[in-house]
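The lines below spell out each chain.
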Amino acid sequence: MPSDQSTWLIAVPQDGDSEGLLPEITSKLPQLTTVAELGIPSFKTGTLDSLIALSEELPKQDAFFTATVAKIVDTLRNLLNNDPTKLVQHLLVNEGSVDEYVLRGWKWNDSRYGVQRSLREMVDVLNKEMASIDNVMKAKLNNYNIVKGSLVQMQRKKTGNLSVRSLVGLVSEEDVIQDSEYLETCLVAVPKILVKEWNLKYERLTNMVVPRSSSPIASDSEYTLFGVVIFKRVHDQFLQKCRENKFIVRDFTFSEEQIAKEGDELELADTTEKELWTELLRLSRTNFSESFQILVHLKILRLFVESVLRYGLPANYVGFAIRPEPKSTKRTFSVLTNHFSYLSPRSSGRAQKQNAADEFAGEYQSLMEQEFFDFVLYEVPWIVL
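The present account deals with the structure reproduced in this document. (Residues numbered from 1 in each chain as written. Predicted model: local features only at pLDDT ≥ 70, side-chain atom pairs only at ≥ 80, totals over all residues. Heavy atoms only, no water.)

This part covers the sheet that holds strand E5 (residues 223-231). One open sheet accounts for four strands, arranged E4-E5-E3-E6; its pairing is antiparallel. Each edge of the sheet is formed by a strand with only one pairing partner; in this case those strands are strand E4 (215-219) and strand E6 (248-250). The sheet shows a mean angle of 35 degrees between the axes of neighbouring strands, taken without regard to direction. In terms of strand pairing, strand E3 (residues 183-191) meets E6 through three bridges, oriented antiparallel. (Pairing = 2+ DSSP bridges. Helix = DSSP H or I, 4+ residues; strand = E, 2+ residues; numbered from the N terminus. Axes fitted to C-alpha atoms, helices over the stretch in contact; angles between N-to-C directions.)

Below, the structure is given as structure tokens:
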């Protein structure tokens, strides 16, 4: 049975009063179920061999198209921080909702995909367009992720505790000794619980530590950052003793140029990320509209190809779209099954067509094993906000 989280696209042979079919079905279906006409053109059918080949190929294209649309939705969802109110404003098809596009008298876009072309040509055009969208989205998303990752890494340096975060902006020129031939300032992150021990020990960790030179520079919930003056010649020894006592010596050299450089780099990364975010959002919105239309057009081609293989010529079929109410999906499907039960003898004729093309027997058999109804049905998954 088809999903209760998708819109059903259905095709049946155009027999008798086709205009009265839609009102008749609508009157039988449960309340809150939406039914709309779906225009299926009379395409060029081609040969039986070409139809069978397409029927084998189209499911793979359908899966690719559906996945491409889903990836664009995921991109929009990530860009908008999974905010449903914002997401619904961007998941539009021709500036209308997805339901409006499918359920308001859908028509084939003849100006873009002229029906004078063969089925193979139209499938190739649709596939080329979707592949182009997919490639563009991959490139733009990858570019954005690289810049975003670089920005996050820069911002991360300004977060965390004093044992790991950047000291740029925390340590001033007055906190360190510069341009001394013999002395240097070591910056040491001391755990809060060891501050008392630091004050008692630091002068005796090694020789040549300047007495009473330790002074607190910054503090957070876990560490206090101290500056202490030592002779350069004992640097390595002092570093080792600090490690033994669980004091963390930070590798930092004060530089006005470095501070300015890091600030400029952060500002540039932030500006670039915002620009690429805006560009990717606009592109995702546009490509969602385009890719969803391409997907629906491919579904219509699948309906047509399957209908010809199942019901034969003339290739005139009535199509309609149904948006089931999830709680009454089984009843909706039961109504359709009963109403179109008269098509059962014609539907079974498809198996006989298999014998007319023995070279396709293996592939065609796999299609015959798929879920099968008396009417032709394909689904357009709902986009869950």
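Of note, the amide linkage connecting Leu 313 to Pro 314 takes the cis form, showing an omega dihedral of 0 degrees. Within the element layout of this structure, Pro 314 appears in the loop between helix H8 (256-311) and strand E7 (317-323). Backbone geometry places Asp 179, a non-glycine residue, at a positive phi of 60 degrees. Positionally, Asp 179 belongs in the loop between helix H5 (119-156) and E3. Positive phi, normally seen in glycine, also occurs at Met 208, with a value near 65 degrees. In this fold, Met 208 is placed in the loop between helix H6 (195-201) and E4.

For the rest of this paragraph, the subject is empty space enclosed by the protein. Rolled over the atoms, a probe with the dimensions of a water molecule shows which regions are left empty. Counted according to the given criterion, the structure contains one cavity of 30 Å³ or more. A volume near 60 Å³ is recorded for the largest cavity. Lining the largest cavity we find Lys 140, Asn 143, Tyr 144, Leu 276, Glu 279, Leu 280 and Leu 283. Those elements that place two or more of their residues in the lining of the largest cavity are H5 and H8. Looking at which element gives the most residues to the lining of the largest cavity, the answer is H8, with four residues. Within the lining of the largest cavity, the residues separate by chemical class into four nonpolar, one polar and two charged. (1 Å grid on protein atoms, 1.4 Å probe; cavity = no way out; pocket = protein on both sides within 12 Å on 5 of 7 lines; lining within 4 Å. Points joined across faces, edges and corners; volume = space filled by probe spheres on them. Nonpolar A, V, L, I, M, F, W, Y, C, P; charged D, E, K, R; others polar.)

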